[in-house]
Amino acid sequence: MSNINSDRPLSPHLQVYSWQLTMILSIIHRGSGIFLMMGTPVLVWWLYQIQAGAGSYQQAEEYLLHPLGRLLLLGWTFSIFYHLCNGIRHLFWDIGKGYEISTLYRSGAVVVVVSSLLTLATWLRAYGLI
Amino acid sequence: MKFRSPLKNARGLGSANEGLSHWWLQRVTAVALIPLCLWFVYSVLGFLGAPHAVVVSWFGSPLNSSLMLLFVLVSLYHGQTGVQVVIEDYIHTKVLNIGLLLLVKGFSALLAVVAVVSVLKMAIEG
Ligand code: HEM
């Protein structure tokens, strides 16, 4: 914090890179983390409404089941699964594993497929379809 | 190869004078969140559209209310350490940097307290 304004070298400007899968996945990890954090007030509001009584709970349900509410919930479902799967990928990197280029792409593809399937399964279950 | 000076090693501190604790707590909370997130999604799916009384009695079980609080508190802690990293990456104006950090941490603390009181109330009454 104390050397926030020092002249330390900066990383190269993002614009010089061409788009790659690994970089998109990395951006989505950050995005999903922030989006999940933006969901915490809604989660706590929901807990508060349940505690406040049947009427408040009903009102919360109405907001959450509004099409816009559903869209947000879909976003949070995908975010939680994506961030979870890619988070595990991060944790492997932290113990020094999975850095080979081919492994990076393979684990990235696995994260996309698994988190999409988990999201789909959750919503099919929510609508009573499975 | 060693990148740390003997003194830094002896004190166990990094350049920010707080050692590894921020990084480490972010990882520890991440590991804890793997089962907690799965449990949370599974549980919420279980009482989608349920009547109020059913949901309240669900929170009346100490196991459910404990895990729910763990999920909320660990998420807030992990998320707040994460947002701190993002703010430190992009916001280089000192006043704005500190202001945003205080806002995020203060708001997280407020949410944590509201969650604890709400869930405990149901755990005790329900
Ligand atoms: C399934 C459980 C989770 C796992 C395994 C996980 C894992 C991780 C890991 C390893 C990082 C560090 C990434 C890096 O080094 O850049 C991270 C960052 C982050 N996480 Fe999580 N996380 C989980 C759940 C959550 C939840 C529930 C939230 C929000 C409430 C959240 C919010 C964040 C944020 C805001 C960041 C910072 C993003 C960044 O630095 O780019 N995470 N997570």
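Everything numeric in this text was worked out from a predicted model, so none of it was measured.

Let us now look at the overall build of chain B. Counting its secondary structure elements, chain B contains five helices and zero strands. Along the chain direction, N to C, the helices and strands of chain B fall in the order α-α-α-α-α. Expressed as a percentage of its 126 residues, the buried residues of chain B come to 39%. Surface exposure of chain B reaches about 7400 Å², of which carbon and sulfur atoms provide 72%.

For the rest of this paragraph, the subject is the coordination of the iron atom of the ligand. Distances from the iron atom of the ligand to its protein donors, A:H83 (NE2) and B:H78 (NE2), fall within 2.0 Å. One can describe the site at the iron atom of the ligand as octahedral: its six donor atoms subtend angles covering 88 to 180 degrees at the metal. Of this pair, A:H83 sits in helix α3 (residues 67-94) while B:H78 sits in helix α4 (residues 62-90), which puts the two residues in different chains. There is no split in this pair, since A:H83 and B:H78 are both buried.

All names here are of chain B. The N-to-C vectors of helix α2 (residues 21-46) and α4 enclose an angle of 140 degrees; their axes lie 9 Å apart at closest approach. The orientation of α2 with respect to α4, classified from their angle, is oblique. Once α2 is placed against α4, the crossing between them reads as left-handed.

With that settled, the discussion passes to helix α2 (residues 54-65) of chain A. The first and last C-alpha atoms of α2(A) sit 16 Å apart over 12 residues, in line with the 16 Å expected at 1.5 Å per residue. Those residues of α2(A) that sit buried are A:Y57, A:A60, A:E61 and A:L64. Looking down the long axis of α2(A), one finds its buried residues gathered within 105 degrees of arc, a one-sided arrangement. Structural note: α2(A) exposes A:G55, A:E62 and A:Y63 on the side pointing more than 90 degrees away from its buried face. Looking at the buried side of α2(A), the elements it contacts are α1 (21-52) and α3 of chain A together with α3 (52-60) of chain B.

With that settled, the discussion passes to the interface of chain A and chain B. Across the contact, 30 residues belong to chain A and 47 residues belong to chain B. Summing both partners gives a buried area of about 3100 Å² for chain A against chain B, and 78% of it is carried by carbon and sulfur. The tally of links from chain A across to chain B stands at two salt bridges. Note that A:D94 is salt-bridged to B:R27, the shortest N-O span being 2.9 Å. For the pair chain A and chain B, the interface holds seven residue pairs in polar contact (both at pLDDT 80 or more). Elements supplying a minimum of two residues to the side of chain A that touches chain B: α1, α2, α3 and α4 (101-126) of chain A. With 12 residues, the top contributor of residues to the side of chain A that touches chain B is α1(A). Residues that form the side of chain A that touches chain B fall into these classes: 19 nonpolar, seven polar and four charged.

Residue and element names in this part refer to chain B. Assignment of secondary structure puts Q84 in helix α4. For Q84, a relative accessible area of 13% puts it in the buried group. Of note is the side chain of Q84, whose polar atom sits 2.8 Å from the side chain of K105. Discounting chain neighbours no more than four positions away, the residues touching Q84 are H22, L101 and K105.

The rules we used
Residues numbered from 1 in each chain as written. Chains lettered and ligands numbered in written order. Predicted model: local features only at pLDDT ≥ 70, side-chain atom pairs only at ≥ 80, totals over all residues. Heavy atoms only, no water. Helix = DSSP H or I, 4+ residues; strand = E, 2+ residues; numbered from the N terminus. Buried < 20%, exposed > 50% of the residue type's maximum accessible area, 1.4 Å probe, protein only. Areas by Shrake-Rupley, 256 points an atom, 1.4 Å probe, with all protein chains shown as cover. Donors = N, O, S within 2.8 Å, 3.2 Å for Na, K, Ca; no water. Tetrahedral: all angles 85-135°; square planar, octahedral: opposite > 155°, others 65-115°. Axes fitted to C-alpha atoms, helices over the stretch in contact; angles between N-to-C directions. Parallel < 35°, antiparallel > 145°, perpendicular 65-115°, else oblique. Left-handed = near helix turned anticlockwise from the far one by under 90°. Expected span 1.5 Å × (residues − 1). Arc of directions from axis to C-beta. Contact = heavy atoms within 4.5 Å. Buried area = accessible area lost by both parts, 1.4 Å probe. Salt bridge = Lys/Arg side-chain N within 4 Å of Asp/Glu carboxyl O. Polar contact = N/O pair within 3.5 Å; in protein donor to acceptor, adjacent residues only side chain to side chain. Nonpolar A, V, L, I, M, F, W, Y, C, P; charged D, E, K, R; others polar.

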